[in-house]
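The lines below spell out each chain.
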Amino acid sequence: MMTTTLLHFPAIAFKQKTGRTLYAFTAPGSQLSEFLTIARIKRADNTAITGYQRPEVLKHIGEIKDYLETDAAMLPNALVVAFDDTVRFEPIDEIPEKHGAGCHGYLVVPVQTNGEEYSKPGWVVDGQQRMAALRDASLRNFNVCLVGFIARTEDEQREQFILVNSTKPLPKGLIYELLPTTTCRLPGFLAQRKFSTRLLARLNYDGDSPFRHRIKTPTNPDGVIKDNSVLRMIEHSLSDGVLYRFRSRTGEHDEESMLDVLKTYWRSVAEVFPDAWPLPPRRSRLTHGAGIVSMGFLMDAIADRVRRDGLPTAQHFMENLIPIRPVCRWTNGYWEFGPGQQRRWDEIQNTSKDIQLLTNYLMIQYKTQVWNRSLARS
């Protein structure tokens, strides 16, 4: 039978400019796991994002643990936690705020004894590695600082997680995968990436996508194609290529038309290069960063050439890709970039220089094999 225990923590409640109330308090490190849990990032069966935290970094946790067990250990930076609305603040001051210093009182945290993990009222937004180290360390009465706020939905927790961690050296893939799910105001760079990361997520999880489950992200660690390579391909096209046609000044972009072009083109690429497309990057430069980005530029070139016929179709893409197949060396042989510029297939690296070299080569071959011949016939 479930029983509820109320934990009382002396705390200071204060408001910030936004009007949101924060609660600053301390708690023994050994007690944190009683009322806090970690919302691990994952995808549900319907591919919707749940949670937001990366997996534990065991080496980092071990280093913190070893330090905490030394005699001179100090942990001055606060953990940031989000509480559900079962947590309340009981003020003891008659005046809510004195000279801007906040209101003193008790933060009342209900804990269900013998409860499951999900029944805990708090989630760690920032500091999960520190909490894990405190959990594993042989410590007694090691108090730590916490700053909490009430978040009524997981979306609100996720937004705070992005804003807190976007300036820290977290894996970019984690931030990018969370971006499409947030509605808060974001820094400029992240705001620009929000739409392109949504397209990436659709490519990775839509049932009719040639990229389905092939893009490596925190929730799809078995993917082989780097998420950043696909993002670069998408963003080049959004700024200067075929996807730009479907952008709107109001921000209401034609997402479905963009996805239709992307899926149609890369499905055609898979058909034209059936031996190279299924392979991982170490065995195929087509699925390598250099191949994804350079073939993205080719997509834009083909779409521009057939523009008078409307949206590019699978037939358009196939007719324009097949002629360059003989000159591509995705899995074996040598790229003939010009006099003195012969390169073995796997010597192409995911660098700006090599991507530009491969892109220029593909564009020249496309113009030679397709464009010029078409002009000659006309």
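Everything here concerns the structure above.
Residues numbered from 1 in each chain as written. Predicted model: local features only at pLDDT ≥ 70, side-chain atom pairs only at ≥ 80, totals over all residues. Heavy atoms only, no water.

Novice: What is the right way to look at the overall build of the protein chain in this model?
Specialist: Check the secondary structure of the protein chain and you find eleven helices and 14 strands. Out of the 378 residues in the protein chain, the part that is buried amounts to 49%. Of all intrachain contacts in the protein chain linking residues separated by at least 6 positions in sequence, the fraction that spans at least 24 positions is 66%. Summing over all exposed atoms, the protein chain offers an accessible surface of approximately 19,800 Å²; the carbon and sulfur share of this is 50%. (Helix = DSSP H or I, 4+ residues; strand = E, 2+ residues; numbered from the N terminus. Buried < 20%, exposed > 50% of the residue type's maximum accessible area, 1.4 Å probe, protein only. Contact = heavy atoms within 4.5 Å. Areas by Shrake-Rupley, 256 points an atom, 1.4 Å probe, with all protein chains shown as cover.)

Novice: Teacher, can you tell me more about the environment of Met233 here?
Specialist: You can see Met233 is positioned in helix H7 (residues 227-240). C-alpha of Met233 to C-alpha of Gly296: the two residues are 63 residues apart in sequence and 5.3 Å apart in space. Excluding residues that lie within four positions of it along the chain, Met233 makes contacts with Leu262, Trp266, Ile292, Val293, Gly296 and Met299.

Novice: Would you explain the sheet that holds strand S3 (residues 36-37) in this entry?
Specialist: To summarise the sheet geometry, strands pair through backbone hydrogen bonds and adopt either a parallel or an antiparallel arrangement. In space, the eight strands of this open sheet follow the order S3-S9-S6-S10-S2-S1-S8-S7, with mixed pairing throughout. The open sheet is flanked by S3 and strand S7 (88-91), the only strands paired with a single partner. As defined by bridge partners, strand S1 (residues 3-15) adjoins strand S2 (residues 21-28) across five bridges and the pair is classed as antiparallel. Note that in S2 the partner of Ala13 across the bridge is Tyr23. The sheet strands contacting helix H3 (residues 128-136) are S3, strand S6 (79-83), strand S9 (122-126) and strand S10 (143-150), and the helix crosses S9 at an angle near 120°. (Pairing = 2+ DSSP bridges. Axes fitted to C-alpha atoms, helices over the stretch in contact; angles between N-to-C directions.)

Novice: In this structure, what is going on with helix H10 (residues 314-321)? I would like to understand it.
Specialist: Turn by turn, an α-helix covers 3.6 residues, leaving residues three or four places apart pointing in a common direction. Buried residues of H10: His316, Phe317, Asn320 and Leu321, and no others. The arc that holds the buried residues of H10, viewed along the axis, is 115°, so those residues lie on one side. (Arc of directions from axis to C-beta.)

Novice: Sorry, what's going on with the nonpolar core here?
Specialist: A general feature of soluble globular proteins is that nonpolar side chains tend to end up buried together. By size, the foremost hydrophobic cluster in this structure holds 55 residues, and its most contacted members are Val230, Ile234, Tyr265, Trp266, Met295, Leu321 and Trp330. Elements represented by at least two residues in this core include exactly helix H6 (188-205), H7, helix H8 (255-272), helix H9 (289-305), H10 and helix H11 (352-377). Leave out the neighbours within four places in its chain, and Trp266 touches Pro210, Phe211, Met233, Trp277, Gly291, Ile292, Met295 and Gly296. Formed by 34 residues, the second largest nonpolar core is a distinct cluster that contains Leu36, Ile64, Met131 and Ile150. (Core = buried A, V, L, I, M, F, W, Y, C linked by side-chain atoms within 4.5 Å.)

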